[in-house]
Every structure is written in structure tokens, then in C-alpha cells.
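Working through the structure, step by step
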Amino acid sequence: MQRLGFLCLVLLMVCGFAGTSLAADDTVRIGVFLPLTGQNAFGGQLELEGVQMAHKEKGEILGKKVELFVVDNKSDKVEAANAVKRLIEKEKVHAIIGSYGSSLAMAGGEMAEKAGIPQMGTSCTNPLVTQGKKYVFRVCFIDPFQGAGAATYAFRHLDMKKAALLIDVASDYSVGLANFFKKSFTKLGGEVVAVLNYQSGDQDFTAQLQQIMSKQPDVLFIPSYFAEGAIIMKQAKELGATFKIMGGDAMDNPEITAIGGSAVEGFMHTTFPYDPSMPEMNPVAKAFTEEWKKANPKKDPNVNAALGYDSYMIIMDAITRAGSAEPQAITDALAATKDFVGATGTTTINKTHDAEKPVGLVVIKDGKKTYVDSITPEI
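Not measured: the values here are computed from a predicted model.

The next thing to look at is the pairing of strand 15 (residues 359-365). Of all the 7 residues making up strand 15, 6 are buried; the element is thus mostly covered by neighbouring parts of the structure. Of the pairings in the sheet, the one linking strand 11 (residues 268-271) to strand 15 comprises 4 bridges and is antiparallel in character. If you follow histidine 269 over to strand 15, its bridge partner there is valine 362. The sheet contact formed by strand 15 and strand 16 (residues 368-375) spans 7 bridges and is antiparallel. Bridging across to strand 16, lysine 365 finds its partner in lysine 368. Here strand 15 hands over to strand 16 after 2 residues, with aspartate 366 in that stretch at a positive phi of 55°.

Given below as C-alpha cells:
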């Protein structure tokens, strides 16, 4: 009887564990790590809204419920690594979305790579994010492409021959994008007449701007985040600067007009090929825009939300094509992604796990962002 009782206990334990395993198998667990507080919070929050919108639209896959697990990386590299570690070890996620901010994506990517969990970057454009990685991907183009796009447009379309750079030396994004702009601009035949630096969090840029003005550039390229970029433009106008100012995708934020006021009028920046002001949209972009406006009637969608949306949908597409939510199966399917039509246009994941798509350009006109053009850079 004792032996029979022991066997019954073992069988009950096995059945119990089997039930737990079955419950886990009935759920696809997607982790999200984004900056929801700190310097990059506005962009991270927009991307999260895009992810949540996609999840609401497609909350089941292969007959299984999809669960989201969201962790704030607090705009900090250490916190980003810890966030991904938590998603993997505690939440047992099958795939990860994030992050806004290249340095944050790199820190989290190291954890994902070690664990063999696929990570889909949202707006992390530094080439180092995916370099040498088997499990890290991104839905955005990379900075060499974006920097070349800005340089090509400035030189070819705006006839700007002399450029200056104002760089945040504490930001991997800013340093990298500035270098790629400089390389492309000089290769096209342009001259870089000044390169000045600042640190994240600085509020006074008058000394740098005065030095730049003395060099009389045609264009100032500021690979800044939106808050500091808007302050730079405001102070440039106060000093009487007449050069054109251009920036990168991190300036794609409606708050720049609130911070910079009339000083941001005419400012142009590169972006991913989505904006509600686009004259032509694919059906996915149209549906995304309409759905966003229904849910957020007082707030226009922006490209960060669209990137969050596409990141989730590309993972769902990979799971569908793989017929499995196992991390390795998702990874293999992500690597084979080709001509995926999303809110930010048609995306193909190339051999370095980066997205191939055109570079968009927008301008602030009459206080509103207006989509100008899409360009294939001269590299």
C-alpha cells in the first residue's frame, strides 16, 4: 500500500507538471523593454502605444493567446540589460521588442543574444545594435543609410555645400549618425566647416552656436534627441543664425514645436517612411492611421508608434510562417522576412538583420510636420 501510495503521488505530480506545461504552451509570451521614464520616455511611450495597438488587433496566433510583458528600461543602459534579463528569466518570453535608443538596445541585446531569444529593435539605428548578433534584429534602417540620406538631400536637393555638426558626445546614436553624415557629405563634394560637441542634458548651446555661425555653414546637422534639438534651434534663432538646420529620426516628435516654438519652422529631418501627412499610403498604413485616430482623437500618430506596431506584427508574421512560437523558429523566420508590408512601408530583413526601406524626409511647415519626400541615399 505504501508503494502504491507513492506511485499515485508521483502520477499526481507528473499530471500537475503536465498541466502547467500545457498552460504555458497555450500562451505566446512577448516581452517589451522601452524607456517609459527618463530622457527618452516620450519616444518609448509612443512605441509602446503602437505595440499595444498591434496586440489589440492581433492578440492570438496559431490558436494561442498572446501575452505582453512590459518593462521600463528607464532610459538607462544598465536598466535596459536588467529589463531584458528579467523578461527572459522571470517572464520566460519567446521574443522581445525594443528598444527606442541604440545604446539601450545594445545593452539589452547582449542579454537576448546570450539566452538565444530573438529581439526586434524598434528605432535603434546604430549599426552596432545587430553587428555580429544571431538573435537581434530591427525594423528600422541603420544610421549609415540615414546619415547618407540626409547628406544626399542637403547636397543634391537643397544645394548645400558647407555643413557644420553639433554632436552629443554622450550618445552613441548622435556620434554615429554625425559621422555617417560627415562621411557622405564630404564624399559627395561638400565641406564640413565645423564640428562642435555637447553632453546629454545640456541646456545652453550659445557658445557652440556662435563658433558655428563664425564658419558660415549652409546647413547645421544636429543628430539630437527632440528636446535638446528644439532648444538648439531656439537659441540659434535668438542669436540670429541664418543657416538651415537638419536632424535625424530622433527629432520625430510633436513636442519639438511646443519646446522650440517658431524657431523650428523650416526644420527638416530624416525619418522612417510613415507620417499621417503622407500623400500616398499603403493599405496597412492607412488602416493604422485610421485606427490610431479613433483611439486617440486628440493626438496624431507618429512614426515611433508605427515602428512599435510593425515590430509586433513582424514577430507575429514570423511565428505564423514558422508555425511555431519557439525562440529558434521565430529567429529563423525573422531572418527570412522579405517584402513585409507594414505601417512604415515594405520591409526586408537583410543578412545583417537590418531593415531595408527608403529614408523619409519631413519639414516643419506652419507649425506642423509635413512629409516631403522619400529618398534612396548615395552611399
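The assigned domain composition of the protein chain is domain 1 (27-141 + 282-358) and domain 2 (144-271). Using C-alpha coordinates to define each centre, domain 1 is positioned 28 Å away from domain 2. With 19 residues of domain 1 in contact, the opposing surface of domain 2 contributes 17 residues. Regarding the contact of domain 1 and domain 2, the summed buried area is about 1400 Å², with carbon and sulfur atoms giving 57% of it.

Relative to the 18 Å expected for 13 residues at 1.5 Å per residue, helix 10 (residues 283-295) spans 18 Å between its end C-alpha atoms, a close match to the ideal helical length. Ala285, Phe288, Thr289 and Trp292 are the residues of helix 10 that are buried. Along the axis of helix 10, the buried residues cluster in a sector spanning 95°; they form a single face. In this structure, helix 10 carries Pro283, Glu290 and Lys294 as exposed residues pointing more than 90 degrees from its buried face. Turning to helix 10, the residues buried within the fold contact helix 2 (41-57), helix 11 (303-322) and strand 12 (340-342). Regarding helix 10, its N-cap is asparagine 282, as a side-chain oxygen of that residue lies 2.9 Å from the backbone nitrogen of valine 284 further along.

Procedures and definitions
Residues numbered from 1 in each chain as written. Predicted model: local features only at pLDDT ≥ 70, side-chain atom pairs only at ≥ 80, totals over all residues. Heavy atoms only, no water. Buried < 20%, exposed > 50% of the residue type's maximum accessible area, 1.4 Å probe, protein only. Helix = DSSP H or I, 4+ residues; strand = E, 2+ residues; numbered from the N terminus. Pairing = 2+ DSSP bridges. Domains from an automatic or database assignment. Contact = heavy atoms within 4.5 Å. Buried area = accessible area lost by both parts, 1.4 Å probe. Expected span 1.5 Å × (residues − 1). Arc of directions from axis to C-beta. Polar contact = N/O pair within 3.5 Å; in protein donor to acceptor, adjacent residues only side chain to side chain.

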